[in-house]
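Descriptive analysis of the structure
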Amino acid sequence: METPVELPYAYDALEPHIDAATMQVHYEKHYHGYVNTFNRTIQGTPWEALTAVEALKRLAELPEQIRETVRNHASGSVNHAFFWQILSPQPQEPSDWLRNALSQAFGSLDAFKDLFLSTALKRFGSGWAWLVWTKNAELAVYSTPNQDNPILLGDTPLLGVDVWEHAYYLKYQNRRKDYLEAFWQVINWREVEKRLREARGE
Ligand SMILES: [Fe+2]
């Protein structure tokens, strides 16, 4: 059973980068839809107490007839709860600590931005791009199809961007690149840093 998280700001808080209409439909319809379908799928089964994260971690144990639905909708629930938190209405810059960590892994903050946004741009169809702390204890950038969450690969997501058309089409239509540049303006770097410190056991 997954309980939807509250949106931590108003629908229009990320204007003009992400518009209020998109945020409202994204949060109320898409996010709640994932949570509701996940809950409905596990209801009445021995798995109904599992949260979405727990279900993803134990996906291989689930019966085959519900596994694919749980994979998609538990991931959709986890991804969006995460996405609301790594966006911020207050403009932020990465701290020196985070900037150093990203520079060591990717060369510089600009190089990281180029890699992250181009990975998101190149994802064919629907999916996500991620900065993760891998199971091998290093930073990495990759994209996943559909709603697949890095937890399925044993990795820990630190930053993620939704490149499903529902995340940008109302305002940006086919201009995914413009949406990605706008996304970059509203990243909650403090949340990214908090997640990296936790993943590294600091
Ligand atoms: Fe989405």
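Bear in mind that the values here come from a model prediction, so they are computed numbers and not experimental data.

**What about the domain arrangement of the protein chain?**
- When its domains are assigned, the protein chain resolves into domain 1 (20-85) and domain 2 (96-199).
- Contacts between the two partners involve 19 residues from domain 1 and, on the opposite side, 24 residues from domain 2.
- Overall, the association of domain 1 and domain 2 removes approximately 1700 Å² of surface from exposure, summing both partners, and the carbon and sulfur fraction of that is 62%.
- When the buried surface of domain 1 facing domain 2 is broken down by residue, Asn79, Phe82 and Phe83 rank first, second and third, together holding 35% of it.
- On the surface where domain 1 and domain 2 come into contact, there are one salt bridge.
- Our enumeration of links across domain 1 and domain 2 arrives at eleven residue pairs in polar contact (both at pLDDT 80 or more).
- For the side of domain 1 that touches domain 2, the elements supplying multiple residues, two or more each, are helix H1 (20-42), helix H2 (52-57) and helix H3 (64-85).
- Ranked by residue count, the leading element in the side of domain 1 that touches domain 2 is H3, at ten residues.
- Of the residues contributing to the side of domain 1 that touches domain 2, the split by class is eight nonpolar, nine polar and two charged.

**Here we look at the coordination of the iron ion**
- Listed as protein donors to the iron ion are His26 (NE2), His80 (NE2), Asp162 (OD) and His166 (NE2); their distances from the metal cover 1.9 to 2.1 Å.
- Taken together, the four donor atoms coordinating the iron ion and their angles of 91 to 135° define a geometry best described as irregular.
- Donor residues binding the iron ion come from one chain and are separated in sequence as H-x53-H-x81-D-x3-H. One end of the pair, histidine 26, is in helix H1; the other, aspartate 162, is in strand S3 (residues 156-162), and 136 residues separate them in sequence. Both residues of the pair, histidine 26 and aspartate 162, count as buried.

**Quick notes on the sheet that holds S3**
- Strand order in this open sheet of three strands is S2-S1-S3, and the pairing throughout is antiparallel. Looking at strand neighbours, the two that pair on one side only are strand S2 (139-145) and S3, the edges of this open sheet. Each strand of the sheet is rotated relative to its neighbour by a mean of 25°, with strand direction disregarded.
- Here strand S1 (residues 127-133) runs beside S2; their pairing, made up of seven bridges, is antiparallel. Pairing of tryptophan 133 across the sheet is with leucine 139, part of S2.

What counts and how
- Residues numbered from 1 in each chain as written.
- Predicted model: local features only at pLDDT ≥ 70, side-chain atom pairs only at ≥ 80, totals over all residues.
- Heavy atoms only, no water.
- Domains from an automatic or database assignment.
- Contact = heavy atoms within 4.5 Å.
- Buried area = accessible area lost by both parts, 1.4 Å probe.
- Salt bridge = Lys/Arg side-chain N within 4 Å of Asp/Glu carboxyl O.
- Polar contact = N/O pair within 3.5 Å; in protein donor to acceptor, adjacent residues only side chain to side chain.
- Helix = DSSP H or I, 4+ residues; strand = E, 2+ residues; numbered from the N terminus.
- Nonpolar A, V, L, I, M, F, W, Y, C, P; charged D, E, K, R; others polar.
- Donors = N, O, S within 2.8 Å, 3.2 Å for Na, K, Ca; no water.
- Tetrahedral: all angles 85-135°; square planar, octahedral: opposite > 155°, others 65-115°.
- Buried < 20%, exposed > 50% of the residue type's maximum accessible area, 1.4 Å probe, protein only.
- Pairing = 2+ DSSP bridges.
- Axes fitted to C-alpha atoms, helices over the stretch in contact; angles between N-to-C directions.

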